[in-house]
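Residue-level structure breakdown
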Amino acid sequence: MSETDERAMRRALELAARGPLTGGNPQVGAVLIDDTGAIVAEGWHRGAGTPHAEVDALLRLAELGRQRTDGGPDASGLTAVVTLEPCDHTGRTGPCSVALIEAGVERVVYALADPDPHAAGGGARLRGAGIPVTEGVLAADAAELLRVWLTTIRRGRPWVTVKWAATLDGRVAAADGTSQWITGTAARQRVHEQRAENDAILTGTGTVLADDPSLTARGDAGELLPHQPVPVVMGERTIPPDAALRRHPAGIIETGTRDLDAVLRDLSTRGIRRVLVEAGPGLVTAVVAGGFADEFAVYLAPTLLGGDRLAIGDLGIPTLADARQLRITGIEQLGEDVLIMAEPRED
Ligand SMILES: NC(=O)c1ccc[n+]([C@@H]2O[C@H](COP(=O)([O-])OP(=O)(O)OC[C@H]3O[C@@H](n4cnc5c(N)ncnc54)[C@H](OP(=O)(O)O)[C@@H]3O)[C@@H](O)[C@H]2O)c1
């Protein structure tokens with residue numbers, strides 16, 4: 001692995017991180033370097049339907065006047081350094097492998113092979129065209145950047161973050177069912193940010209009927225943020241025609257079922273990669289018991305309620321030795337409240 005390739009890959013990873021977290025596609029960056037290692041053009045993917053990183057970098061080449069006689073970008077003498085294997089399929093855009101071959105690229109370096117069977121094969125096509133390919137440069141760094149996306153591809157379902165707001169004694173509602181608001185404004189603003197980082201919000205009919213939430217992602221002044229996750233309602237009951245969710249700017253998906261596995265798989269086919277669960281104990285318990293929770297976002301307020309309205313109901317755990325083990329991944333103080341992020345331990 002050459003130092004030049006590594007340096008270029010570091011830059012490509014920085015560019016990749018500029019891409020959106022939401023949407024079906026991974027964050028990918030690309031740089032085109034000459035034989036001295038100098039960067040000639042850069043690109044990154046800005047989301048589904050826009051050019052892939054390699055093509056974005058090739059477009060910059062054309063702007064620099066490096067064009068073939070047919071008007072396409074001329075990458076002769078250049079090495080393409082990409083964070084993910086160039087795709088080999090035609091979706092909303094054409095295959096990147098073909099674009100690189102047509103541009104006359106001299107060599108291709110990438111960090112990770114594409115685990116998506118629909119997109120993989122770019123490396124093989126490039127090699128077949130006689131272009132030397134190096135795989136695995138800074139692969140661990142690329143895998144860390146794409147951790148959520150890689151997990152969604154492996155499991156065939158979205159990454160699921162389960163969020164709740166509780167009192168210090170773990171209660172999510174009072175005896176009369178009220179839960180708005182357990183936490184203060186700073187914590188609630190952080191929830192809006194988390195909503196905007198997700199493709200969908202999964203809730204239960206119980207929450208819709210009890211709280212009539214709007215589940216929009218809003219800024220400090222109450223304004224709608226540019227990205228709105230679509231609300232998805234789990235449960236067999238229908239929700240009222242005048243429910244606030246029906247006015248959600250991203251629309252609404254009413255599933256009419258309790259089958260979490262089927263719903264999550266269906267969301268995946270719609271390009272939904274990140275789901276935030278904002279529900280009461282009924283749905284949250286089902287998500288956790290079913291092993292669908294990849295991450296927890298637990299907001300704790302310095303209050304006590306007592307009673308039986310716990311965040312999670314029975315998980316069928318008979319004894320302490322069988323407790324679900326989590327790893328704390330982050331702690332934030334938000335005004336008087338605390339946000340604890342945690343993930344299930346792999347071991
Ligand atoms: N503090 C917080 O963070 C927070 C957040 C949300 C809600 N809450 C509070 O929670 C309370 C509502 O609790 P809840 O448990 O009724 O709300 P919920 O979890 O949102 O809804 C429960 C309903 O979801 C449906 N459902 C869909 N899939 C399911 C599955 N796989 N397993 C079980 N149920 C499934 C069932 O309805 P069907 O009969 O229609 O199938 C069930 O009755 C309210 O007091 C609300 O204020 C607190």
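Conventions adopted
Numbering of residues starts from 1 in every chain and runs along the sequence as written. Where totals are concerned, whole chains, interfaces and linings use all residues; where local detail is concerned, this predicted model gives features only for residues with pLDDT of at least 70, and gives and counts side-chain atom pairs only at 80 or more. Placing the C-beta atom from the backbone, one calls a residue near a molecule or strand if that atom lies within 6 Å of it. Elements are defined by DSSP. Helices are runs of H or I of four residues or more, strands are runs of E of two residues or more, and each kind is numbered from the N terminus. Classification convention: Asp, Glu, Lys, Arg as charged; Ala, Val, Leu, Ile, Met, Phe, Trp, Tyr, Cys, Pro as nonpolar; all other residues, Gly among them, as polar. The burial label depends on the number of other C-beta atoms within 10 Å of a residue's C-beta. Counts of 20 or more mean buried, 12 or fewer mean exposed, and intermediate counts mean partly exposed, with C-beta atoms placed from the backbone. Pairing between two strands is assigned when DSSP locates at least 2 bridges connecting them. Crossover handedness is defined here as right-handed if the route from the first strand over the helix to the second strand goes clockwise, with the strands pointing away from the viewer. Each residue gets a C-beta atom placed from its backbone, and two residues are in contact if those atoms lie within 7 Å. The domain boundaries here were taken from an automatic or database domain assignment. Interaxial angle, 0 to 180 degrees, is taken between N-to-C directions of lines fitted to C-alpha atoms, where a helix line uses only the stretch in contact. By arc we mean the arc of the directions from the helix axis to the C-beta atoms, nothing more. By definition here, a helix of n residues has an expected span of 1.5 Å times n minus one.

**Concerning the site of the ligand**
Around the ligand, the surrounding shell holds 27 residues, and the nearest of these are Gly204, Gly206, Gly235, Gly280 and Gly282. Secondary-structure elements contributing two or more residues to the shell around the ligand are β6 (159-167), β7 (200-204), α8 (205-211) and α10 (281-289). In terms of residue count, α8 provides more of the shell around the ligand than any other element does, 5 residues in total. A per-class count over the shell around the ligand returns 12 nonpolar, 10 polar and 5 charged.

**Focus on the pairing of strand β3 (residues 79-84)**
Most of β3 sits out of view: 6 of its 6 residues are buried. Where β3 meets strand β4 (residues 107-112), 5 bridges bridge the pair, whose relative direction is parallel. Each bridged residue has a counterpart across the sheet, and for Val81 the counterpart in β4 is Val109. Each parallel crossover has a hand, and for β3 linked through helix α3 (residues 96-102) to β4 it is right-handed.

**With respect to the environment of Thr285**
With respect to the helices, strands and loops of the structure, Thr285 is situated in helix α10. Once the C-alpha coordinates of Thr285 and Thr329 are considered, the two residues, 44 residues apart in sequence, prove to be 21 Å apart. Residue contacts for Thr285: discarding those within four places in its chain leaves Ile312, Gly313 and Leu315.

**Examining unusual backbone geometry**
Here the bond from Gln180 into Trp181 is cis, since omega is 0°, no more than 30 degrees from zero. Phi angles above zero are rare outside glycine, and Leu138 is one such case at about 55°. As for its placement among the helices and strands, Leu138 is situated in the loop between β5 (133-135) and α5 (139-145). Phi at Asp212 is positive, roughly 45°, even though this residue is not glycine. Take Asp212: it is sitting in the loop between α8 and β8 (230-234).

**A closer look at the domain arrangement of the protein**
The domain boundaries assigned to the protein delineate domain 1 (3-153) and domain 2 (156-344). Domain 1 and domain 2 are separated by 36 Å when their C-alpha centres are compared. Facing the 9 residues of domain 1 at the interface are 12 residues of domain 2. In the side of domain 1 that touches domain 2, the residues fall into 4 nonpolar, 5 polar and no charged.

**What to know about the sheet that holds strand β1 (residues 29-33)**
Taken in spatial order, the 5 strands line up as β2-β1-β3-β4-β5 in an open sheet, and their pairing is mixed. On the outer flanks of this sheet lie β2 (39-44) and β5, each paired with one strand and no other. Mean inter-strand twist for the sheet, computed between neighbouring axes without regard to direction, equals 15°. Relative to the sheet, helix α1 (residues 3-16) contacts β1, β2, β3, β4 and β5, its axis offset from that of β1 by approximately 140°. Against the sheet, helix α2 (residues 53-63) touches β1, β2 and β3, its axis set at about 135° to β2.

**Considerations on the sheet that holds β6**
The 8 strands are arranged β9-β8-β7-β10-β6-β11-β13-β12 in an open sheet whose pairing can be described as mixed. Of all the strands in the sheet, the pair left with one neighbour each is β9 (253-254) and β12 (326-334). Of the pairings in the sheet, the one linking strand β11 (residues 295-301) to strand β13 (residues 337-344) comprises 5 bridges and is antiparallel in character. Each residue of the ladder has a partner; that of Tyr299, found in β13, is Leu339. Packing of helix α7 (residues 185-196) onto the sheet brings it into contact with β6, β7, β10 (274-278), β11, β12 and β13, and relative to β13 it is tilted by some 35°.

**Examining α10**
Those residues of α10 that fall on the buried side of the exposure criterion are Pro281, Leu283, Val284, Val287 and Val288. In a view along the axis of α10, the buried residues occupy a sector of 165°, so they form one face of it. Against the buried residues of α10 lie β6, β7, β8, α9 (260-269) and β10. Positive backbone phi, approximately 75°, marks Gly291, located one or two places after α10.

**Description of the pairing of β2**
Bridge count between β1 and β2: 5 bridges; the pairing is antiparallel. Bridged to Val31 within β2 is Glu42. The hairpin turn running from β1 into β2, its antiparallel successor, is 5 residues long, and Gly37 in that turn takes a positive phi close to 95°.

**A closer look at α1**
Compared with the 20 Å implied by 1.5 Å per residue over 14 residues, the 20 Å span of α1 between its first and last C-alpha is a close match. Every buried residue of α1 is listed here: Ala8, Met9, Ala12, Leu13, Leu15 and Ala16. Along the long axis of α1, the arc covered by the buried residues comes to 155°, so they all point the same way. Of the surrounding secondary structure, the elements contacted by the buried residues of α1 are β1, β2, α2, β3, β4 and α5.

**Examining the environment of Arg246**
With respect to the secondary-structure elements, Arg246 resides in the loop between β8 and β9. Using a count of 14 C-beta atoms within 10 Å as the deciding quantity, one classes Arg246 as partly exposed. The spatial distance from the C-alpha of Arg246 to the C-alpha of Gly282 is 22 Å, given a sequence separation of 36 residues. Discounting chain neighbours no more than four positions away, the residues touching Arg246 are Pro241 and Ile252.

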